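Examination of the molecular architecture
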Amino acid sequence: MKDRKYKFSWDLLGDLKLGRPNLGSSTRIEVYRLMQFIFRDVLEGHFGTEKTDQLFYEAGKLAGMEFYENIIGQIDNFNEFVKKLQETFREMGIGILRIERADIEKGSFVLTVSEDLDCSGLPDLDYEICTYDEGFISGLMESFTGYKFRVKEVDCWCTGDRTCRFTAEMEK
Ligand SMILES: [Zn+2]
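Let me begin by describing the structure that accompanies this report. Keep in mind it's a predicted model, so treat the numbers as computed, not measured. Residue indices follow the written sequence of each chain, beginning from 1 at its first position. Per-residue local features are limited, in this predicted model, to residues with pLDDT of at least 70; the limit for side-chain atom pairs, both in listing and counting, is 80 or more; totals at the level of whole chains, interfaces and linings are taken over all residues. Just so you know, side-chain values use all the structure's heavy atoms and leave hydrogens and water out.

Thoughts on the coordination of the zinc ion
Quick reminder of the rule: Here a donor is any nitrogen, oxygen or sulfur atom (N, O, S) within 2.8 Å of the metal, with 3.2 Å used for Na, K and Ca; water is not among the atoms considered, so some sites may look incomplete. Secondary structure elements follow DSSP: runs of H or I of four or more residues count as helices, runs of E of two or more count as strands, with numbering from the N terminus. For every residue, the accessible area (1.4 Å probe, protein chains only) is compared with the maximum for its type, and the residue is labelled buried under 20%, exposed over 50%, or partly exposed between those bounds.
All of the protein donors around the zinc ion are C119 (SG), C130 (SG), E153 (OE), C156 (SG) and C164 (SG); their distances to the metal are 2.1 to 2.7 Å. Every donor residue of the zinc ion comes from the same chain, spaced as C-x10-C-x22-E-x2-C-x7-C. One end of the pair, C119, is in the loop between β2 (108-114) and α5 (131-145); the other, E153, is in strand β3 (residues 149-155), with 34 residues separating them in the sequence. Exposure remark for C119: the relative accessible area of 0% places this residue in the buried category. Since its relative accessible area comes to 1%, E153 is described here as buried.

Structural data, given as C-alpha cells:
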C-alpha cells in the first residue's frame, strides 16, 4: 500500500516536555484502558471477534518491535535483555516482569507480568484478555532474537490467576 496516512513512526508520540510542561508524561490507567476496550468493542462490531484478536496481536507486535528499537536498544545477551526489560517495564508502569522458564537453545520461554497495565484488577472473565500483550512480547522476542515467536497467554488476572502468564515459542 503506498501513500499511507497512518504509518507509524516513533516521532508521532511527540515531544512531551514541550507539549505537556504542566501535566507531564503520565496519565491515568483508566484513560489507557478506556481507549483499548473501546477499540476492541468497535473493531469487533465491524470485523468480528477473531479478526479483532488478530488485529490486536498484530498491533501489539508492531508496538513491541518499535519499543525494542526506540526504548530497549540493541542488546546481545539474554540476561541483560531481561534485566533491561524488567527495569523498563517497572519504570514505565507496564508491569512486573518475571521469567519463569527459559530454554534459550529451544527458544521456549514462560514469563509472567504482574500488575499488568492491560488487565490487572479487571472482573473475572472466562478467557484470557491480553492479546495486545501477546503480540507485544512476540515483537520484543523477534527483535531480540531475529526469529519469529508465537506467544500465548495461558493465565490472566481475568481467569483468576492474579498474574498474566505467557508462553513464548520460537517458530520453526
Ligand atoms: Zn492478562
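Side note on helix α4 (residues 78-91)
Selection rule: The span one expects for a helix is its residue count, reduced by one, times 1.5 Å. Within this analysis, the arc is defined by the directions that extend from the helix axis to the C-beta atoms. Contact criterion: two residues are considered in contact whenever any of their non-hydrogen atoms come within 4.5 Å of each other.
Relative to the 20 Å expected for 14 residues at 1.5 Å per residue, α4 spans 20 Å between its end C-alpha atoms, a close match to the ideal helical length. Taken residue by residue, α4 has F78, F81, V82, L85, T88 and F89 as its buried positions. The arc that holds every buried residue of α4, seen down its axis, measures 135°, which confines them to one face. For α4, the exposed residues set more than 90 degrees away from the buried face come down to N79, K83, R90 and E91. Buried residues along α4 sit in contact with α3 (49-72), β1 (96-103), β2 and α5. Where α4 terminates, the next one or two residues include G93, which has phi positive at roughly 75°.

Section: the side chain of T88
Relative to the helices and strands, T88 is located in helix α4. According to the relative accessible area criterion, T88 is buried, its value standing at 7%. Excluding residues within four positions of it along the chain, T88 makes contact with F67, I71 and I72.

Overview of the packing of aromatic side chains
For the record, the criterion: Pairing of aromatic rings covers Phe, Tyr and Trp, the last through its six-membered ring, and needs centres within 6.5 Å; plane angles under 30 degrees mean stacked, over 60 mean edge-to-face, and all others mean tilted. Two limits define a charge over a ring: the Lys NZ or Arg CZ must be within 6 Å of the ring centre, and within 35 degrees of the ring normal.
Within this structure, the stated rule accounts for 11 aromatic pairs. Here the aromatic rings of F67 and F89 are separated by 6.5 Å at their centres, their planes lie at 80°, and the arrangement is edge-to-face. Here F89 lies in helix α4 and F67 lies in helix α3, a separation of 22 residues in the sequence. Judged by relative accessible area, F67 falls into the buried class, the value being 6%. Ring-pair connections join several aromatic residues into one group, and the members of that group are Y68, F78, F81, F109, F144 and F149. Sitting above the plane of the F56 ring, R40 keeps its charged end 4.6 Å from the centroid. Taking the ring centre of Y57 as reference, the NZ or CZ of R150 above it sits at 4.7 Å.

Regarding the sheet that holds strand β4 (residues 164-170)
Here is the rule: DSSP bridges decide pairing: two strands pair if at least two such bridges lie between them. Only C-alpha atoms enter the line fits that serve as axes; for helices the fit covers just the stretch in contact. Angles between N-to-C directions range over 0 to 180 degrees.
Judged by pairing direction, the sheet is antiparallel, and its 4 strands sit side by side in the order β1-β2-β4-β3 without closing on themselves. Each edge of the open sheet carries a strand with a single partner, namely β1 and β3. In this sheet, neighbouring strand axes are inclined to one another by 20° on average, regardless of whether the strands run parallel or antiparallel. Summarising the sheet, β1 and β2 pair through 7 bridges and their orientation is antiparallel. The residue bridging R98 from the neighbouring strand is T112, located in β2.

Looking at the pairing of β2
Successive residues of a regular strand alternate their side chains across the two faces of the sheet. Buried residues dominate β2, accounting for 7 of its 7 residues. Of the two faces of β2, the one holding S108, V110, T112 and S114 and the one holding F109, L111 and V113 are both buried throughout. If you look at the hairpin formed by β1 and β2, you'll find 4 residues sitting between the two strands, and G107 has a positive phi there, around 70°. Of the pairings in the sheet, the one linking β2 to β4 comprises 6 bridges and is antiparallel in character. Its bridge partner lying in β4, L111 is registered against F166.

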